[in-house]
Amino acid sequence: MSKLSQKHLLGIKDITPQDIQLIFETADTFKDVLNRPIKKVPSLRDITIANIFFENSTRTRLSFELAEKRLSADVVNFSASSSSVKKGETLLDTVNNILAMKVDMVVMRHASPGAPHLLARHIQANIINAGDGTHEHPTQALLDAYSIREKLGSIAGKKVAIIGDILHSRVALSNIFALQKLGASVMVCGPPTLLPKFIAQTGVKVETDIQKALAWCDVANVLRIQLERQQIKYFPSLREYALYYGITKKILDSLKKPIVLMHPGPINRGVELSSDAADSKHAIILDQVENGVAIRMAVLYLLAGSAN
Ligand code: CP
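Heads up: these notes are all about the structure in this document. Bear in mind the structure is a predicted one, so any value in this text is a computation, not a measurement.

1. What to know about the side chain of Asn 175
Part 1 of the reasoning: Inspection of the secondary structure assignment puts Asn 175 in helix α6 (residues 170–181).
Part 2 of the reasoning: Excluding residues within four positions of it along the chain, Asn 175 makes contact with Ala 141, Asp 144, Ile 162 and Asn 221.

2. Structural notes on the sheet that holds strand β8 (residues 219–222)
Part 1 of the reasoning: With parallel pairing, the five strands of this open sheet are ordered in space as β7-β6-β5-β8-β9. Either end of the sheet is taken by a strand with one partner, and the two such strands are β7 (205–207) and β9 (260–262). Neighbour-to-neighbour, the strand axes of this sheet turn through a mean angle of 20°, independent of strand direction.
Part 2 of the reasoning: Judged from the three bridges that link them, strand β6 (residues 185–189) and β7 form a sheet pairing that is parallel. What sits directly across from Met 187, in β7, is Lys 205.
Part 3 of the reasoning: Lying over the sheet, helix α5 (residues 138–152) contacts β5 (159–163), β8 and β9, oriented at roughly 160° with respect to β9.

3. Concerning the pairing of β6
Part 1 of the reasoning: Extensive coverage of β6 is indicated by the burial of four of its five residues.
Part 2 of the reasoning: With five bridges joining them, β5 and β6 adopt parallel strand pairing. Bridge pairing links Ile 163 to Cys 189 in β6.
Part 3 of the reasoning: Since β5 and β6 lie parallel, the crossover through α6 that links them has a hand, and here it is right-handed.

So, how was this worked out
Residues numbered from 1 in each chain as written. Predicted model: local features only at pLDDT ≥ 70, side-chain atom pairs only at ≥ 80, totals over all residues. Heavy atoms only, no water. Helix = DSSP H or I, 4+ residues; strand = E, 2+ residues; numbered from the N terminus. Contact = heavy atoms within 4.5 Å. Pairing = 2+ DSSP bridges. Axes fitted to C-alpha atoms, helices over the stretch in contact; angles between N-to-C directions. Buried < 20%, exposed > 50% of the residue type's maximum accessible area, 1.4 Å probe, protein only. Right-handed = clockwise from strand over helix to strand, strands pointing away.

Rendered as structure tokens:
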């Protein structure tokens, strides 16, 4: 069996283009499995996986749990809001207690950037980062890139604009790393206050005019305004943001060219995307969600077989 170069999936920054290609090829196989009447394979029988979520999630958590169950793993779920974290238990104590119950892999979402990296230095289990604060969300970037490959046939040479709240987004950084490793050109677009100063150093184009970004790109990956991470006001109002940066079907149709519209979810309908854009023929948003299960099956399967 081919192996990943890493024991953990902490971020796209750490993995190679060959790792990404291997994940995609493995996901192709699992996508075939998911389209069969019997969707379950025994690949991770006797492997126990803990999904530990210190932040809210719908898509990522369900997608990982489904991927694990399709691979016949034993699954335990942990939600910080109903746990002893509320009584003051530390992250390391929490995870060590879970591992004492003989868990092989940990899928973790945490509000602090670097939390899964800290775990990886202290415990033996394979760690998968399911989103660490504003840092990285590697499986989201993998499923996004995989969905572009599926829709357009390839990623090399394609132009992808990531639009919206780049400053607070872990999806943006992981997408930039993944798309550049696969040979795409990447632009970020948003109000100047939502574009981090360091972003140009990653090699992306930087644009504040959304019309120019949409005219340039083959793919628009639109991000949510993350009000829950904003301690200060970065723009006057959501209404004004929607007026200047909201994407409608009318705007997409006026481009007079094919454009693929993506969003990692959850969508703020009427803010970054109008409902008629989100539900239009341009959008592949639910394809992204569908592909997430195959991508996560591939990551789990390959990490389970990686060198320890
Ligand atoms: N895309 C994504 O991470 O969604 P959730 O926050 O619902 O998991």
